[in-house]
Amino acid sequence: MAKLALINREQKRRATVKKFAEKRAGLLAIVNNVKLSQEERYEARMKLQKLPRNASPVRLRNRCALTGRPRGVFRKFGLGRAKLRDIAMRGEIPGVIKASW
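A short tour of the structure in this document, coming up. (Residues numbered from 1 in each chain as written. Predicted model: local features only at pLDDT ≥ 70, side-chain atom pairs only at ≥ 80, totals over all residues. Heavy atoms only, no water.)

The next subject is the overall build of the chain. Looking only at helices and strands, the chain features 3 helices and 2 strands. In the chain, the succession of helices and strands from N to C terminus is α-α-β-β-α. Relative to the 2.2 N^0.38 estimate, which gives 13 Å for 101 residues, the radius of gyration of the chain is 20 Å and therefore markedly larger than a compact globule would have. Summarising its shape, the C-alpha atoms of the chain cover approximately 60 × 35 × 15 Å along the three principal directions. Out of the 101 residues in the chain, the part that is buried amounts to 24%. Sequence separation of 24 or more characterises 41% of the internal contacts of the chain that already satisfy a separation of 6 or more. In the chain, 27 positive and 7 negative side-chain charges are present, and the distance between their average locations comes to 10 Å. (Helix = DSSP H or I, 4+ residues; strand = E, 2+ residues; numbered from the N terminus. Rg over C-alpha atoms; globule rule 2.2 N^0.38 Å. Buried < 20%, exposed > 50% of the residue type's maximum accessible area, 1.4 Å probe, protein only. Contact = heavy atoms within 4.5 Å. Lys, Arg positive; Asp, Glu negative; His and termini not counted. Charge placed at Lys NZ, Arg CZ, Asp CG, Glu CD.)

So this is what it looks like as structure tokens:
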């Protein structure tokens, strides 16, 4: 089980990313628009840099919904590999069975 502080930090980051998503998208559109002048693009870049670091979606980390484990997380289920295996073995995930050939 991951520390509660790390799980809470990740939730806070997700909220920050969601809060600033529209503003970041607008500024990035200005920065990437080659038809605008260099000054306008530079101002947009400066405004983008003034946003909180945690507003960037690159800083997000997928974590297991049950344990908070940061590695080995399956996106489709939102679970870590160990918990996914445990739940699948009990037959609690529809359509997931143990492989046999």
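As a further point, take the side chain of Arg 24. If you trace the backbone, Arg 24 turns up in helix α1 (residues 4-32). The side chain of Arg 24 sits in the buried core without any salt bridge; Glu 22 is the nearest counter-charge, 13 Å away. Each residue touching Arg 24, except ones within four places of it in the same chain, is listed here: Leu 48, Leu 51, Ala 55, Ser 56 and Pro 57. (Salt bridge = Lys/Arg side-chain N within 4 Å of Asp/Glu carboxyl O.)

Turning our attention to the environment of Leu 48. Tracing the backbone shows Leu 48 in helix α2 (residues 38-50). Residue classification places Leu 48 among the buried residues on the basis of a relative accessible area of 9%. Residues Leu 48 and Lys 83, 35 residues apart in the sequence, show an inter-C-alpha distance of 39 Å. Sequence-distant contacts of Leu 48, defined by excluding residues within four places in its chain, comprise Arg 24, Leu 27 and Leu 28.

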